[in-house]
Amino acid sequence: MTDEEIEKYINVGKIAKKIRDCLKEYNFFNKGYEEICDYIEDLILKFGGRPAFPVNLSVDHIAAHDTALPNDGRKVDGKLLKVDFGIHIDGYIVDNAFTVVFDREYHELQRASEDALRAAIDIIKPDIEVWKIGDIIENTIKDNGFFPIYNLSGHQIDRYKLHAGISIPNYNNNEKTRIKEGMVIAIEPFATDGKGFVRDNGDSGIMRLEKWKSIRLSSVRLFISKIEKRYNGLPFAKRWLFKDFQKEVQRGLVNLCMSFGVLYAYPRLVEVAGGVVSQAETTIIVYDPPIVLV
Ligand code: MN
Ligand code: MN
């Protein structure tokens, strides 16, 4: 990685930190999903970045992949909330998340994922095998009395690619792959008082484009090329389409694209036993010592 690229990542990380500072005093409880998502996504733009994916607001047993739907009437209510957001400038992506606790009985669960993230950062260095990162995450969470989510993981990040190449497990999966110097990785421990697994459950309002080379309908081709250009091939929100492509939405092109399978809606991910889930996430560049971006 060049010094110039490192500089770009550091700048995006600074925006994420500024936004987390703004959110420290923010009252999430009983506020509308749309209002919160709009607020955070507007802050990202105000500070000179672009959202790398829709702001995720995941309450309690929903571990990840929930965002405001178009005209979403829901309000945040529960024991805790995970706020997961990504920012990019020119495709240099920083991904991060934190947990807000509403019911103080869940501070320990919040601490478990935060401790695990810190412990993982402490051992990161070039050429480390990924199982070692998973192992320390798993052990730290278990020492706190909880389970990690076994089927969710951190990930490598590349330019304009949120999930690239290597996965960073949240348990010892025996994977001997080594993390290379200069790699960008997101580490994201999830802790739960449930069983430690998530399953798909319903539409999240987070979407991506699938391969669409075989589509011949020109109105559809034009629409999806506009989507690709607008969101740079990164995930986007259904509610963004309602704002950015009103005409196409009215003409039914969103539903048509979904039925063709070129527009894919991610499912919400819920804990299988209904356990409450906490999350902590940051993005780092692997050096010795690592550059922690948020
Ligand atoms: Mn994230
Ligand atoms: Mn991530």
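Residues numbered from 1 in each chain as written. Chains lettered and ligands numbered in written order. Predicted model: local features only at pLDDT ≥ 70, side-chain atom pairs only at ≥ 80, totals over all residues. Heavy atoms only, no water.

Chemist: Before we move on, can you summarise the coordination of the manganese ion (ligand 2) with the specific residues and values?
Modeler: On the protein side, the manganese ion (ligand 2) has Asp95 (OD), His155 (NE2), Glu188 (OE) and Glu281 (OE) as donor atoms, found 2.1 to 2.3 Å from it. In the primary structure, the donors to the manganese ion (ligand 2) are separated according to the pattern D-x59-H-x32-E-x92-E. A distance of 3.2 Å spans the gap from the manganese ion (ligand 2) to the manganese ion (ligand 1), which Asp95 bridges by coordinating each metal. Of this pair, Asp95 sits in strand β4 (residues 92-101) while His155 sits in strand β6 (residues 154-158), placing them 60 residues apart in sequence. Across this residue pair, the class does not change: Asp95 and His155 are buried. (Donors = N, O, S within 2.8 Å, 3.2 Å for Na, K, Ca; no water. Helix = DSSP H or I, 4+ residues; strand = E, 2+ residues; numbered from the N terminus. Buried < 20%, exposed > 50% of the residue type's maximum accessible area, 1.4 Å probe, protein only.)

Chemist: Describe unusual backbone geometry, with residues and values.
Modeler: Residue Pro289 follows Asp288 across a cis peptide bond; omega there is 0°. Summarising the element assignment, Pro289 is placed in the loop between β14 (282-285) and β15 (291-292). Residue Asn30 is not a glycine yet carries a positive backbone phi of 70°. For Asn30, the location among the structural elements is in the loop between α1 (3-24) and α2 (33-46). Of note, the phi angle at His65 is positive, near 60°, even though the residue is not glycine. Judged by its relative accessible area of 26%, His65 is partly exposed.

Chemist: Summarise the coordination of the manganese ion (ligand 1); cite the residues concerned and give the values.
Modeler: Surrounding the manganese ion (ligand 1) are the protein donor atoms Asp84 (OD), Asp84 (OD), Asp95 (OD) and Glu281 (OE), at 2.1 to 2.4 Å. Spacing between the donor residues of the manganese ion (ligand 1) along the chain follows D-x10-D-x185-E.

Chemist: Account for the domain arrangement of the protein chain, with residues named and values stated.
Modeler: The assigned domain composition of the protein chain is domain 1 (3-200 + 270-292) and domain 2 (204-266). For domain 1 and domain 2, the distance between their C-alpha centres works out to 26 Å. The interface is formed by 20 residues belonging to domain 1 together with 14 residues belonging to domain 2. In total, domain 1 and domain 2 occlude about 1400 Å² of area from one another, counting both sides; carbon and sulfur atoms represent 64% of this. The three residues of domain 1 that bury the most area against domain 2 are Pro54, His65 and Pro70, which together make up 33% of that side's buried surface. Counting the contacts that link domain 1 with domain 2 gives one salt bridge. As a salt-bridge pair, Arg239 and Glu41 come within 2.8 Å of each other at their nearest N and O atoms. On inspection of domain 1 and its partner domain 2, the count reaches six residue pairs in polar contact (both at pLDDT 80 or more). Elements with a contribution of two residues or more to the side of domain 1 that touches domain 2: α2 and β1 (50-59). For the side of domain 1 that touches domain 2, the element with the highest residue contribution is β1, accounting for seven residues. The residue makeup of the side of domain 1 that touches domain 2, split by class, is 12 nonpolar, four polar and four charged. (Domains from an automatic or database assignment. Contact = heavy atoms within 4.5 Å. Buried area = accessible area lost by both parts, 1.4 Å probe. Salt bridge = Lys/Arg side-chain N within 4 Å of Asp/Glu carboxyl O. Polar contact = N/O pair within 3.5 Å; in protein donor to acceptor, adjacent residues only side chain to side chain. Nonpolar A, V, L, I, M, F, W, Y, C, P; charged D, E, K, R; others polar.)

Chemist: Help me get a handle on helix α8 (residues 253-260), residues and values and all.
Modeler: Helical geometry note: an α-helix holds 3.6 residues per turn, so side chains three or four residues apart project in the same direction. Along α8, the positions that sit buried rather than exposed are Leu253, Val254 and Cys257. End-on view of α8: buried residues confined to an arc of 105°, all on one side of the axis. Along α8, exposed side chains directed more than 90 degrees from the buried face belong to Asn255 and Ser259. The secondary structure elements touched by the buried residues of α8 are α5 (218-231), α6 (238-244), α7 (246-250) and β12 (263-271). One or two steps after α8, the chain reaches Gly261, where phi turns positive at roughly 85°. (Arc of directions from axis to C-beta.)

Chemist: Residues and numbers for the sheet that holds strand β5 (residues 147-148), please.
Modeler: Overall, antiparallel pairing links the three strands, which are arranged β5-β9-β13 in an open sheet. The strands lining the two open edges of the sheet, one partner per strand, are β5 and β13 (277-279). As paired elements, β5 and strand β9 (residues 190-192) share two bridges and run antiparallel to each other. Bridging across to β9, Pro148 finds its partner in Ala191. Against the sheet, helix α3 (residues 107-123) engages β9 and β13, with an angle of about 40° to β13. (Pairing = 2+ DSSP bridges. Axes fitted to C-alpha atoms, helices over the stretch in contact; angles between N-to-C directions.)

Chemist: Describe the nonpolar core, with residues and values.
Modeler: Within the largest apolar cluster, 39 residues are counted, with the highest numbers of intra-cluster contacts made by Ile19, Phe28, Ile40, Val83 and Phe85. At the level of secondary structure, the elements contributing two or more residues to this core comprise α1, α2, β1, β3 (80-89), β4 and β8 (184-187). For this core, the leading source of residues is α1, giving seven residues. Residues in contact with Phe28, not counting those within four places in the same chain, are Leu23, Ile36, Val76, Leu81, Val83, Phe98, Val100 and Phe102. Formed by 27 residues, the second largest nonpolar core is a distinct cluster that contains Ala116, Ile128, Val130 and Ile137. (Core = buried A, V, L, I, M, F, W, Y, C linked by side-chain atoms within 4.5 Å.)

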